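Report on the structure
Listed here are the chains, written in short residue letters.
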Amino acid sequence: MIKALGYFWEIIRGGLITCRHFCLNMVFHLLRAVGIKTERRGAVTIQYPEERKEIASRHRSLHRLLKREDGRPRCVSCLLCATVCPSECIEVEAAEDPDPEIQKFPARFVIDLSRCCFCGFCVEACPEDAIRMDTGRIELAGYRRQDLIYDLEKLLR
Amino acid sequence: MEILIIFLKIVLALVWFLTLTLYLTWLERKESAVIQDRIGANRANIGRFRMIGLFQPFADAIKMIFKEDFVPPFANKFLHTLAPFLSFFFVAVTIAAVPFGDRLLIAGKSINLQILDLHAGLLFILAMLSLGIYGIILSGWASRNRFALLGSVRGAAQLVSYEVALGLSLVGLIMVFPSLRLQSIVAFQGQNVFGWIPKWGILLQPLGFIVFFFSALAETKRVPFDLPEGESEIIGFFAEYGGLKWGLFMMTDFMEIIIVSSLATTLFFGGWQVPWLAADGFHWPWGGAWLLPHGVVVLLQLLAFNVKIIFFCWLQILIRWTYPRFRYDQVMDLGWKVLIPLSLLNIVGTGLVMEFLK
């Protein structure tokens, strides 16, 4: 019984901590409700669809393929990205380029986003800086699996 | 006329407590959110009006109504359906004895703002709250699910360990206010000590209140004592329930909070008494009076009762979002080794003090 009563103070202290959180946050909520803007807010919530947090510059979002000056993809179909991809979601089909300096260009470049784990290895592996993950697009959900397969046309956009 | 008044009282009290129950779910969501530095459910809307999530209980209700009413093929269909209704009925019926206010004089009639002025109202509430366990045991048994049955057995074991303390903690109170009628208990608390401190139950029975409050927390079967349910990891007695029947169990839980709050208010915090408010207005302890019409006094009493109830609901939600669950044996220990000796001590102490002061 003595031992059980020994917890009593700690139990009350725990209650006081939550009570303090409640009261403090309520004060800031009420201040906001009557129109007084304070530095501190009652909640740390960012109400997502309306309010968005700024995406960090190094954030890995949807892939894009970069273009040369003439509009063709910078990719030379070296298959390094497809090789390094841990989830094996990149599929590249090479075709011969008339320019001997370039040699190859991708006839087909498909990323299956339903498999992609957004590790960014493809970006690091690319010797031509042809693929980047800096579009800032993070809402990639689709209603069909087909919508998540991004081909050359979609990636070059 | 008498029947009409009784009918009106029943409807009003039931509707009011059901509204409170609905909005207690909202309060629980919002309060837990504020405690945890969040905002809480605020998306339910009608048109462009969100009203800080005040429509959320209705959205929940609509969702639960339109869910499939599923009874597992191996369950006892009749008892499986009966259990949630039984559970809810025993809680809802306790509203009959809750004193909302003093007598209301209207058109030459004196209406008691309590549905049934039972001479043993306190025992009635305690008995009905204890009977609520039948719904839990029945639901676990009728589900024919071992986990559900274990949950209801845990509920029964918990009941045995707190119900004794709950009853014993109130014995001291009954000794002080020599009545079991809730209206006369409240009326007694209208007196003042030394002419200015309201003579509420908490003042006369502090130890009794502590024991009562712990046992009452166990009665509501929420987190510090949610052995039967164990929502965080173990499977509770309503494992085989869904939709509106599950909703009824939840309603029972929330209504139990309100009933326990109103019981704590009635017994220990003066019920509908406002400090220094008599039947004809305020009589300040420093002399002078502020006379008020009868209607305003009754309104103030109703308001005081509800404010006190809401405060206790708030306190219980705060407790629910602060503490982890007691282990099975810890609840037994708390009940049998701490609360019951304390309540016995309270009875002996109360008796000695009363004899000494006589």
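1. Some details on the overall build of chain B
- Each helix and strand counted, chain B has twelve helices and seven strands in total.
- Relative to the 2.2 N^0.38 estimate, which gives 21 Å for 358 residues, the radius of gyration of chain B is 21 Å and therefore close to what a compact globule would have.
- In terms of principal-axis extent, the alpha carbons of chain B reach across some 70 × 55 × 45 Å.
- When each of the 358 residues of chain B is scored for burial, the buried share is 44%.

2. Focus on the overall build of chain A
- Looking only at helices and strands, chain A has four helices and five strands in total.
- Helices and strands in chain A line up, N terminus first, as α-β-α-β-β-α-β-β-α.
- Since a compact globule built from 157 residues should have a radius of gyration of about 15 Å, the 26 Å found for chain A marks it as more spread out than a globular shape.
- For chain A, the spread of C-alpha atoms along the three principal axes comes to 85 × 45 × 30 Å.
- With 157 residues in all, chain A has 16% of them scored as buried.
- Pairs at least 24 residues apart make up 63% of the contacts formed inside chain A by residues separated by at least 6 positions.

3. Brief notes about unusual backbone geometry
- Unlike most non-glycine residues, D129 of chain A shows phi in positive territory, near 55 degrees.
- Mapped onto the elements of the fold, D129 of chain A is located in the loop between α3 (121–125) and β4 (131–132).
- Take D129 of chain A: there are 9 C-beta atoms within 10 Å of it, and that puts it in the exposed class.
- For D37 of chain B, which is not glycine, the phi torsion reads 60 degrees and is therefore positive.
- Tracing the backbone shows D37 of chain B in the loop between α1 (2–35) and α2 (56–65).
- Given 15 C-beta atoms within a 10 Å radius, D37 of chain B is considered partly exposed.

4. A few points about the sheet that holds strand β5 (residues 277–278) of chain B
All names here are of chain B.
- The three strands lie next to each other as β5-β6-β7, forming an open sheet whose pairing is antiparallel. Two strands close off the open sheet at either side, each with one partner strand: β5 and β7 (289–291).
- As paired elements, strand β6 (residues 281–283) and β7 share three bridges and run antiparallel to each other. From the neighbouring strand, F282 faces β7, where its bridge partner is W290.

5. A short note on the interface of chain A and chain B
- Listed by partner, the interface residues are 14 residues for chain A and 16 residues for chain B.
- For the side of chain A that touches chain B, the residue count by class is seven nonpolar, seven polar and no charged.

6. With respect to helix α10 (residues 243–268) of chain B
Residue and element names in this part refer to chain B.
- Here α10 contains 26 residues, and its C-alpha end-to-end distance of 37 Å stays within 8% of the 38 Å for a straight helix at 1.5 Å per residue.
- Summarising burial for α10: 20 of the 26 residues are buried, a large majority.
- Following α10 by one or two positions, G270 has its phi on the positive side, about 80 degrees.

7. Some thoughts on the packing of α1 of chain B against α2 of chain B
Residue and element names in this part refer to chain B.
- At a minimum axis separation of 8 Å, α1 and α2 run at an interaxial angle of 115 degrees. As judged from the angle between their axes, α1 and α2 are roughly perpendicular. Between α1 and α2 lies a crossing whose hand is right-handed. Contacts between α1 and α2 pair L22, Y23, T25, W26 and R29 from the former with Q56, P57 and D60 from the latter.
- Of the residues in the contact of α1 with α2, the class split is four nonpolar, two polar and two charged.

8. Quick notes on helix α9 (residues 206–219) of chain B
All names here are of chain B.
- For α9, built from 14 residues, the straight-helix expectation of 20 Å at 1.5 Å per residue is met to within 8% by its first-to-last C-alpha distance of 20 Å.
- Residues of α9 that are buried include every one of G208, F209, V211, F212, F214, S215, A216, L217, A218 and E219, and no others.
- Two residues or fewer after α9 comes K221, characterised by a positive phi angle close to 55 degrees.

9. Topic: the domain arrangement of chain A
- Its domain assignment divides chain A into domain 1 (1–45) and domain 2 (64–155).
- Taking only C-alpha atoms into account, the centre of domain 1 of chain A sits 51 Å from that of domain 2 of chain A.

10. Remarks on the nonpolar core
- Ranked by internal contacts, the top residues of the largest apolar core, which has 86 residues, are M255, I258 and A264 of chain B.
- If one sorts the elements of this core by residue count, α10 of chain B sits on top with 13 residues.
- Leaving out residues up to four positions away in the same chain, A264 of chain B has contacts with F212, F213, A216, F269 and F312 of chain B.
- F105, C116, C126 and Y150 of chain A belong to the second largest nonpolar core, which has 17 residues in total.

11. Focus on the sheet that holds strand β3 (residues 104–112) of chain A
Residues and elements named next belong to chain A.
- A sheet is described by the order of its strands in space; here three strands give the open sequence β2-β3-β5, paired in antiparallel fashion. Both edges of this open sheet fall to β2 (90–96) and β5 (149–150), since each of them pairs with a single strand only.
- In the sheet, β2 pairs with β3 via seven bridges, with the strands oriented antiparallel. Residue E93 lies in a different strand from β3, and its bridge partner there is R108.

12. A short note on the environment of L299 of chain B
Residues and elements named next belong to chain B.
- Relative to the helices and strands, L299 is located in helix α11 (residues 294–320).
- The exposure class assigned to L299 is partly exposed, which follows from the 14 C-beta atoms found within 10 Å.
- In the structure, L299 is positioned 198 residues away from G101 in sequence and 8.5 Å away in space, judged by C-alpha atoms.

13. A look at the confidence of the model for chain B
- For chain B, mean pLDDT is 89; residues scoring 70 or higher make up 100% of the total.
- What the predictor reports for the complex is a pTM of 0.87 with an ipTM of 0.85.

14. Some words on the environment of V296 of chain B
- Residue position: V296 of chain B is located in helix α11.
- Linking V296 of chain B and G281 of chain B, residues 15 residues apart in sequence, is a C-alpha distance of 8.8 Å.

Calculation rules
- Residue indices follow the written sequence of each chain, beginning from 1 at its first position.
- Each chain takes a letter, starting from A, and each ligand takes a number, starting from 1, following the order in which they are written.
- Per-residue local features of the predicted model are confined to residues with pLDDT of at least 70, and side-chain atom pairs are confined, for both listing and counting, to 80 or more; whole-chain, interface and lining totals are unaffected and use all residues.
- Helix and strand labels come from DSSP, where a helix needs a run of H or I of at least four residues and a strand needs a run of E of at least two; each type is numbered from the N terminus.
- For a compact globule the rule gives 2.2 Å times the number of residues to the power 0.38, and the radius of gyration it is set against comes from C-alpha atoms.
- As a rule, residues whose C-beta atom has 12 or fewer other C-beta atoms within 10 Å are exposed, those with 20 or more are buried, and those in between are partly exposed; C-beta atoms are placed from the backbone.
- For every residue pair, C-beta atoms are placed from the backbone, and the pair is scored as a contact if these atoms sit within 7 Å.
- What makes two strands pair is DSSP finding at least two bridges between them.
- Lys, Arg, Asp and Glu make up the charged group, whereas Ala, Val, Leu, Ile, Met, Phe, Trp, Tyr, Cys and Pro make up the nonpolar group; the residues left over, Gly among them, are polar.
- The span one expects for a helix is its residue count, reduced by one, times 1.5 Å.
- Whenever a helix is involved, its axis is fitted only over the stretch in contact; in every case the axis is a line through C-alpha atoms, and angles between N-to-C directions fall within 0 to 180 degrees.
- Oblique is the label for every angle not falling under 35 degrees (roughly parallel), over 145 degrees (roughly antiparallel), or within 65 to 115 degrees (roughly perpendicular).
- The handedness criterion is simple: a crossing whose near helix is rotated anticlockwise from the far helix by less than a right angle is left-handed, and one whose near helix is rotated clockwise is right-handed.
- Bear in mind that the domain bounds are from an automatic or database domain assignment.
- In plain words, the nonpolar core is the set of buried Ala, Val, Leu, Ile, Met, Phe, Trp, Tyr and Cys residues that C-beta atoms within 7 Å link up.
- Every residue is assigned a pLDDT by the predictor, reflecting its confidence on a scale from 0 to 100.

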